[in-house]
Amino acid sequence: MIYREAGQFKSSYAGDQAIFPVVQDRVFVAAAVAAAVVVPPLLASEYWLQAVLIPFLVYALAALGLNLLTGYAGQLSLGTGGFMAVGAYSAFKLATAFPRLNIIVVFLLAGVAAAAVGILFGLPSLRIKGFYLAVATLAAQFFLIWLFNKVAWFTNYASSGTITAPDRTLFGALITGPNSTPSARYLTALGLVAVFALAAKNLVRGRIGRSWMAIRDRDIAAEIIGVRPLRTKLLAFAISSYYCGVAGAGLVFLYLGSAETLAFDIGISFLVLFMVIIGGLGSILGSFLGAAFIVLVPIVLSNAPHAIGLRMPVALQKQFELMVFGGLIILFLIVEPRGLARLWQIAKEKLRLWPFPH
Amino acid sequence: MKGSAAAPPLLEVDRVSVRFGALIAVNRVSLSVARGEIVAIIGPNGAGKTTLLNAVSGFYRPYEGTIAFEGQDRTRLAPPDVAALGIARTFQNVALFKGMSVLDNIMTGRLLKMRGSFLLEALYWGPARRQELEHRAFVERIIDFLEIQAIRKTPAGRLPYGLQKRVELARALAAEPKLLLLDEPMAGMNVEEKEDMCRFILDVNQEFDTTIALIEHDMGVVMDVSDRVVVLDYGRKIADGPPAAVRKDAAVLDAYLGVAHDA
Amino acid sequence: MLDALHAVLVAPFRDMAGSPAFLVEVLIGGLFAGLMYSLVALGFVLIFKASGVFNFAQGVMVLFAALTLVGLLERGAPVLLALGLTTAVMVALAFAIERLVLRPLVNQEHIILFMATIGLNFFLEGFGEMLWGANVKKLDIGIPDRSFIVRGVQINELELTAAVTAAVLVAVLALFFQRTRIGRALRAVADDHEAALSLGIPLKTIWVVVWSVAGVVAIVAGLMWGAKSGVQFSLSLIALKALPVLILGGFESVAGAIVGGLIIGIGEKLGEVYWGPLVGGAIENWFAYVLALAFLLVRPQGLFGERIIERV
Ligand SMILES: Nc1ncnc2c1ncn2[C@@H]1O[C@H](COP(=O)(O)OP(=O)(O)O)[C@@H](O)[C@H]1O
Ligand SMILES: [Mg+2]
């Protein structure tokens with residue numbers, strides 16, 4: 001009887017329209033957020049912050065962005081890496097050109113740049129759908145990466161071709177750059193992700209989210225209701241790219257510290273797509289679960305042989321990881337094509353009845 | 001008939017043709033629907049009924065002819081513009097948003113009544129929140145009216161067929177349309193469901209003062225609900241008049257031989 | 001401004017006219033690359049037509065086939081035996097994929113199956129390298145990589161052989177689809193599952209057959225590309241290049257895959273050689289996609305697709 005909604009009568013539509021209508025959900029989320037703020041900076045080792053928690057948050061943000069586009073608006077995209085790169089390089093240019101600009105403002109503006117590029121590459125979505133569109137987004141992926149590689153201006157003519165996050169502070173604490181602490185970067189990422197996740201949740205449960213899902217589920221019926229396909233899809237591209245852009249900035253400024261275009265290649269586009277699908281298409285929670293899964297699996301896989309006393313050559317280890325990773329994806333799709341979020345929901349329904357299963 | 005002779009008809013289809021390659025699916029059909037009327041469009045399968053509705057909805061471009069709504073030429077509008085005029089419809093093969101709950105489906109029907117900016121909505125703050133609640137209240141009235149309270153939160157794709165048709169009607173009603181186009185609203189329903197649907201259609205017409213054009217095969221239903229019947233066959237209009245008269249029309253009997261009997 | 005226009009619109013063509021022999025060589029190079037794209041795209045099309053699965057792993061299948069072939073040759077197997085064994089491996093792979101991946105996912109949405117083939121992609125990549133090692137290997141099938149000159153144009157023997165082999169393969173496939181019962185069933189199943197079943201061939205068999213055929217196509221592609229540039233991971237990347245080809249040719253047209261591949265191959269090489277230097281080169285990476293995208297905007301149905309008005 002831990003998880004009960006019986007007896008919680010919603011006396012108004014306001015109550016029913018609330019983001020977490022069930023009290024236990026509200027408590028759970030509040031506790032999770034509080035724990036996320038307090039526990040890791042106190043307890044987690046540098047390794048955990050740097051190798052697990054920060055990438056998890058950054059990827060979760062990107063996954064949120066892609067989920068808005070693919071999971072909610074139904075537009076398959078393989079250009080995520082490209083849009084993230086736009087965010088990262090814009091943030092770098094902004095931060096170095098205007099050293100006094102607040103770093104959070106830099107992130108938000110970098111998102112705007114990514115959104116503009118997203119709109120541009122979203123234009124074909126009016127005429128093409130499904131896999132055809134996915135291939136079109138590959139044009140964005142390859143073209144953008146090529147552009148950042150070719151035009152030295154984007155890297156401030158660095159001979160190495162890398163961009164490096166400069167030292168920047170927020171409320172007096174150093175939060176980016178080589179001298180910032182993992183805790184500070186973690187908390188910044190957490191703050192960004194929390195706000196963006198809340199905004200995403202609000203969007204998808206309102207007018208805009210409904211028009212996205214309408215286009216996704218039945219575009220013809222959506223149109224006769226008054227949904228304008230181009231405008232709706234472009235808005236999805238814009239907002240999704242915005243999220244991805246901020247995530248790209250986060251990838252460099254909060255996680256890697258410095259990066260080349262390689263960090264944004266097609267591989268990352270697929271990685272984020274996996275997160276979204278394994279986590280659950282059309283689910284905000286799923287974006288987080290998927291990101292956690294994809295970040296944790298390689299870590300577990302690379303430590304597992306060691307843990308059971310097996311020593312593998314590095315090459316074999318890499319191949320083994322690829323196989324298990326590929327196999328897991330297939331297995332997952334077979335077991336629950338609607339993703340981890342769906343499994344979570346099923347578990348919740350079970351809990352609701354527990355300990356009286358009937 | 002309820003429409004007055006002086007005012008222009010709500011919908012005026014004038015010698016409209018629709019072609020698919022060599023096939024002329026709708027052939028110089030004229031049809032007018034007066035305010036407040038319930039018009040039934042009947043005809044054998046493939047007669048061009050759905051195609052005619054699609055032309056009115058803006059999905060297909062007429063090859064010739066004009067379509068006017070409230071006296072204005074509206075021949076070349078895109079579907080969202082047609083919706084903005086106050087025309088809503090349902091589809092022959094239910095076109096619900098399967099991944100969304102019944103409530104969300106119907107809320108989507110209110111889309112054109114809603115305003116807002118994505119920033120406010122991202123915050124779910126002030127006007128955005130108020131608007132959402134207002135429309136929720138309206139949608140709840142439709143839910144009560146169509147007696148679908150129990151399935152509010154169910155994903156539309158999981159409902160049985162008859163209920164899906166009802167939800168689709170609810171979604172169309174949510175737009176508060178002036179003209180409601182229903183494509184075979186009772187196809188595949190059992191007798192009881194059909195009776196319910198008939199009642200809803202008549203109630204909608206009376207209580208909300210909505211003009212309705214519907215396609216239907218069941219002659220009994222057609223006779224019961226419609227003020228006027230239009231008959232299509234091979235893309236042409238072959239009869240147009242009160243149900244009782246059309247029923248006796250020789251051309252109609254010809255076209256319908258067999259169909260009318262099992263209906 | 002005028003200079004820029006001149007550089008884009010006039011100079012490249014003047015260069016082409018100035019040295020026709022070089023132009024022909026560029027075209028032949030493009031044709032060869034295009035042929036490889038065509039072969040991979042063909043594998044895609046076969047599977048897509050028969051099962052609606054967008055097989056992302058087609059490129060890795062090429063790599064896997066080439067790795068297996070090289071591995072067998074290195075262990076001293078004669079060429080024909082190695083080819084036979086590789087074919088057997090690809091057929092076995094088709095069986096395994098049908099049983100372990102497709103069957104449990106039957107009736108799932110396309111995107112789910114697509115994702116599963118991406119999983120397959122990872123798996124095969126790891127598996128192939130685990131079996132045969134990850135080093136770059138030269139695939140030697142006894143055709144010399146040397147050139148002869150006809151009227152001032154260099155022609156590479158290996159490329160010529162590749163072109164002929166590919167042409168023969170396509171002809172054989174066309175015959176297979178036209179003349180055999182299972183071939184006709186395969187064509188039918190693309191349009192209508194029921195129809196194919198009424199021919200008395202179970203869906204299961206059909207899937208195994210198309211994946212096997214796609215596996216054989218992958219062997220040919222792997223053979224040719226591997227002999228030319230060595231067997232290495234980058235082989236699997238030509239799968240991505242096959243995507244714009246599919247856009248051009250349409251996902252369901254065998255002829256489209258062939259023609260689309262050639263157009264992309266040639267277009268890409270011409271673009272790189274004559275226009276690439278204007279923007280700093282290396283445009284091969286994206287040129288094909290942008291070309292395909294531009295094309296899509298004009299003709300969303302592809303080269304050979306028919307324009308259909310969606311039914312409502
Ligand atoms: N999108 C389309 N493309 C080609 N032919 C169509 C299309 N839509 C309808 N048709 C054809 O137009 C004719 C009329 O169809 P329809 O309007 O659906 O008939 P009804 O609704 O009266 O049964 C049929 O012959 C049908 O095959
Ligand atoms: Mg019809």
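Further up the page is the structure itself.
Read on for an overview of the structure. None of these values were measured; they are calculated from a predicted model.

### A look at the overall build of chain C
Here is step 1 of the chain: Regarding its fold elements, chain C presents 12 helices and two strands.
Here is step 2 of the chain: Along chain C, helices and strands appear, N-terminal first, in the series α-α-α-α-α-β-β-α-α-α-α-α-α-α.
Here is step 3 of the chain: In summary, chain C has a C-alpha radius of gyration of 20 Å against a globular reference of 20 Å for 312 residues, a match within 12%.
Here is step 4 of the chain: Here the C-alpha coordinates of chain C stretch approximately 65 × 60 × 35 Å along the principal axes.
Here is step 5 of the chain: Burial analysis of chain C (312 residues in total) assigns 52% to the buried set.
Here is step 6 of the chain: Counting only contacts in chain C whose residues sit at least 6 apart along the sequence, the fraction spanning at least 24 positions is 72%.
Here is step 7 of the chain: Only carbon and sulfur atoms are counted for the fraction: they give 66% of the accessible area of chain C, which is about 13,600 Å².

### Quick look at helix α4 (residues 80–97) of chain A
Here is step 1 of the chain: In a regular helix each residue adds 1.5 Å, so 18 residues correspond to 26 Å; α4 of chain A covers 26 Å between its end C-alpha atoms and thus fits that length.
Here is step 2 of the chain: Along α4 of chain A, 16 of the 18 residues are buried, which leaves the element largely enclosed by surrounding structure.

### Concerning the side chain of T75 of chain B
All names here are of chain B.
Here is step 1 of the chain: With respect to the helices, strands and loops of the structure, T75 is situated in the loop between β5 (72–73) and α2 (79–85).
Here is step 2 of the chain: A polar contact is formed between the side chain of T75 and the backbone nitrogen of I67, at a distance of 3.0 Å.
Here is step 3 of the chain: A polar contact of 2.5 Å, which involves the side chain of T75, links it to the side chain of D73.
Here is step 4 of the chain: If near-sequence neighbours (up to four positions away) are discounted, T75 is found in contact with P62, G65, T66 and I67.

### Some words on the site of ligand 1
Residue and element names in this part refer to chain B.
Here is step 1 of the chain: Of all residues adjacent to ligand 1, which total 15 residues, the nearest are G46, G48, K49, T50 and T51.
Here is step 2 of the chain: Within the backbone of A47, one N or O atom sits 3.1 Å away from an oxygen atom of ligand 1.
Here is step 3 of the chain: Here ligand 1, which alone exposes 560 Å², has 78% of that area covered by the protein.
Here is step 4 of the chain: Of all the secondary structure elements, the ones that give two or more residues to the shell around ligand 1 are β2 (23–33) and α1 (49–57).
Here is step 5 of the chain: Across the shell around ligand 1, the residue classes break down as seven nonpolar, five polar and three charged.

### Here we look at the interface of chain A and chain B
Here is step 1 of the chain: In this complex, chain A contributes 32 residues to the contact, which on the side of chain B involves 43 residues.
Here is step 2 of the chain: Both sides together, the interface formed by chain A and chain B hides about 3,100 Å², and carbon and sulfur atoms give 61% of it.
Here is step 3 of the chain: Together, R207, R210 and I224 of chain A form the three largest contributors to the area buried by chain A at its contact with chain B, with a combined 25%.
Here is step 4 of the chain: The tally of links between chain A and chain B comes to three salt bridges.
Here is step 5 of the chain: Salt-bridge contacts for R207 of chain A lead to E121 of chain B; the nearest nitrogen and oxygen are separated by 2.8 Å.
Here is step 6 of the chain: Here chain A and chain B share seven residue pairs in polar contact (both at pLDDT 80 or more) between them.

### Observations regarding the coordination of the magnesium ion (ligand 2)
Each pair of donors in an ideal octahedron of six around a metal sits at 90 or 180 degrees, and each pair in an ideal tetrahedron of four sits at 109.5 degrees.
Residues and elements named next belong to chain B.
Here is step 1 of the chain: For the magnesium ion (ligand 2), the full set of protein donor atoms is T50 (OG1) and Q92 (OE1), and the range of their distances to it is 2.0 to 2.2 Å. With T50 in helix α1 and Q92 in the loop between β6 (87–89) and α3 (102–109), this pair connects stretches of sequence that are 42 residues apart.
Here is step 2 of the chain: The exposure class of T50 is buried, given its relative accessible area of 16%.
Here is step 3 of the chain: Accessibility expressed as a relative area gives 24% for Q92, which makes it partly exposed.

Cut-offs and rules
Residues numbered from 1 in each chain as written. Chains lettered and ligands numbered in written order. Predicted model: local features only at pLDDT ≥ 70, side-chain atom pairs only at ≥ 80, totals over all residues. Heavy atoms only, no water. Helix = DSSP H or I, 4+ residues; strand = E, 2+ residues; numbered from the N terminus. Rg over C-alpha atoms; globule rule 2.2 N^0.38 Å. Buried < 20%, exposed > 50% of the residue type's maximum accessible area, 1.4 Å probe, protein only. Contact = heavy atoms within 4.5 Å. Areas by Shrake-Rupley, 256 points an atom, 1.4 Å probe, with all protein chains shown as cover. Expected span 1.5 Å × (residues − 1). Polar contact = N/O pair within 3.5 Å; in protein donor to acceptor, adjacent residues only side chain to side chain. Near = heavy atom within 4 Å. Nonpolar A, V, L, I, M, F, W, Y, C, P; charged D, E, K, R; others polar. Buried area = accessible area lost by both parts, 1.4 Å probe. Salt bridge = Lys/Arg side-chain N within 4 Å of Asp/Glu carboxyl O. Donors = N, O, S within 2.8 Å, 3.2 Å for Na, K, Ca; no water.

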